[in-house]
Structures are given as structure tokens and as C-alpha cells.
Amino acid sequence: MYIFDFQVVNNDTFEGNYTFTIVKNSLPLDLTGATIKADFRISTNHDPAFTMTTESTPQTVEITDPTAGKFKFSKQIISAKPCNYQYDVQITLSTGEIFTYLKGTLTVLQDITQ
């Protein structure tokens, strides 16, 4: 399991500069035909504050190189209340297998200048 914590400023453009590579048994996991979803919650027993996924329009998660196991969060505006959100990334492969390889905290900071 990978742990990745990051910060964004409320109502600013998140650049999506982080590319992740999923490895299983020392080899890149083939993400061809996979769907990826991440729920962001204040805590595990709360409803998601927002979700990022390969299935949204526009995509908020992009598989950038499926055979190399690479994906990233897309460039987007994060409009969420300032808070520390827990998240994990669930990958559903084309075979129907479901795995969670990445989790962490997203800190949304208050925008001062408006």
C-alpha cells in the first residue's frame, strides 16, 4: 500500500502533477480497461465530500499509460471546504478484480485572497 499526502488551496486550480505507478509482484499492473475511483471523506464514517474517478466527465482521474500501470489526478479546481480529507484509490480491473493500492490525506487550505 502506498501512502501519499498532499495539499491544495480551496477554489484554486489543482495541477494534477503527481503520476502514480502501480506495481504488483515487482511488475507494473496493467490498467487497460480499468476504472479508478477515489472518495475524499472527513472520516471513514462520513459520506464522501467529493469523488475523483476515471468515469466522470470530464475525467478527474486519468490513466496515462495503462500497460505501465500509470495514472494521475487530472488538472481541476478543488471546491471543497478547508479540511483534512482521508482518501483511498480503488482500482477495478477489466477482470472485475478490485484493489486498493494508494491512500492518504488531502489537506484543503483556506484561500485568503479572493
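Keep in mind the model is a prediction, meaning the values are calculated, not measured.

### Description of the pairing of strand E13 (residues 98-109)
Residues in a regular strand project their side chains so that they alternate between the two faces of the sheet.
So, step 1. Examined bridge by bridge, strand E1 (residues 2-3) and E13 share 2 bridges and lie parallel to one another. Bridged to Ile3 within E13 is Lys103.
So, step 2. Relative to E13, strand E12 (residues 83-92) is paired through 10 bridges, and the arrangement is antiparallel. Bridged to Tyr85 within E13 is Leu106.
So, step 3. Connecting E12 to the antiparallel partner E13 that follows it, the hairpin turn spans 5 residues, and Gly96 within it adopts a positive phi of roughly 95°.

### Some points on the layout of surface pockets
So, step 1. A volume near 230 Å³ is recorded for the largest pocket.
So, step 2. The wall of the largest pocket is formed by 14 residues, among which Asp39, Arg41, Gln86, Tyr87 and Asp88 lie closest to the centre.
So, step 3. Among the elements of the structure, strand E7 (35-41), E12 and E13 are those that each provide at least two residues to the lining of the largest pocket.
So, step 4. Taken together, the residues of the lining of the largest pocket break down into 2 nonpolar, 7 polar and 5 charged.

### Points about the packing of aromatic side chains
So, step 1. Scanning the model with the defined rule gives 16 aromatic pairs in all.
So, step 2. One aromatic cluster is present, built from ring pairs that chain together Phe4, Phe6, Phe14, Tyr18, Phe20, Phe40, Phe50, Phe71, Phe73, Tyr85 and Tyr87.

### Notes on unusual backbone geometry
So, step 1. The linkage connecting Thr57 with the following residue, Pro58, adopts the cis geometry, with an omega of -5°.
So, step 2. Notably, Asn25 is not glycine yet its phi reads approximately 55°, a positive angle.
So, step 3. Tracing the backbone through its elements, the reader meets Asn25 in the loop between strand E5 (23-24) and strand E6 (27-28).
So, step 4. Among the residues examined, Asn25 registers a relative accessible area of 68% and is labelled exposed.
So, step 5. Despite not being glycine, Ser26 shows a phi value in the positive range, around 70°.
So, step 6. In this fold, Ser26 is placed in the loop between E5 and E6.
So, step 7. With a relative accessible area of 70%, Ser26 lands in the exposed category.

Here is what the cut-offs are and how they apply
- Residues numbered from 1 in each chain as written.
- Predicted model: local features only at pLDDT ≥ 70, side-chain atom pairs only at ≥ 80, totals over all residues.
- Heavy atoms only, no water.
- Pairing = 2+ DSSP bridges.
- Helix = DSSP H or I, 4+ residues; strand = E, 2+ residues; numbered from the N terminus.
- 1 Å grid on protein atoms, 1.4 Å probe; cavity = no way out; pocket = protein on both sides within 12 Å on 5 of 7 lines; lining within 4 Å.
- Points joined across faces, edges and corners; volume = space filled by probe spheres on them.
- Nonpolar A, V, L, I, M, F, W, Y, C, P; charged D, E, K, R; others polar.
- Phe/Tyr/Trp six-rings, centres within 6.5 Å; stacked < 30°, edge-to-face > 60°.
- Buried < 20%, exposed > 50% of the residue type's maximum accessible area, 1.4 Å probe, protein only.

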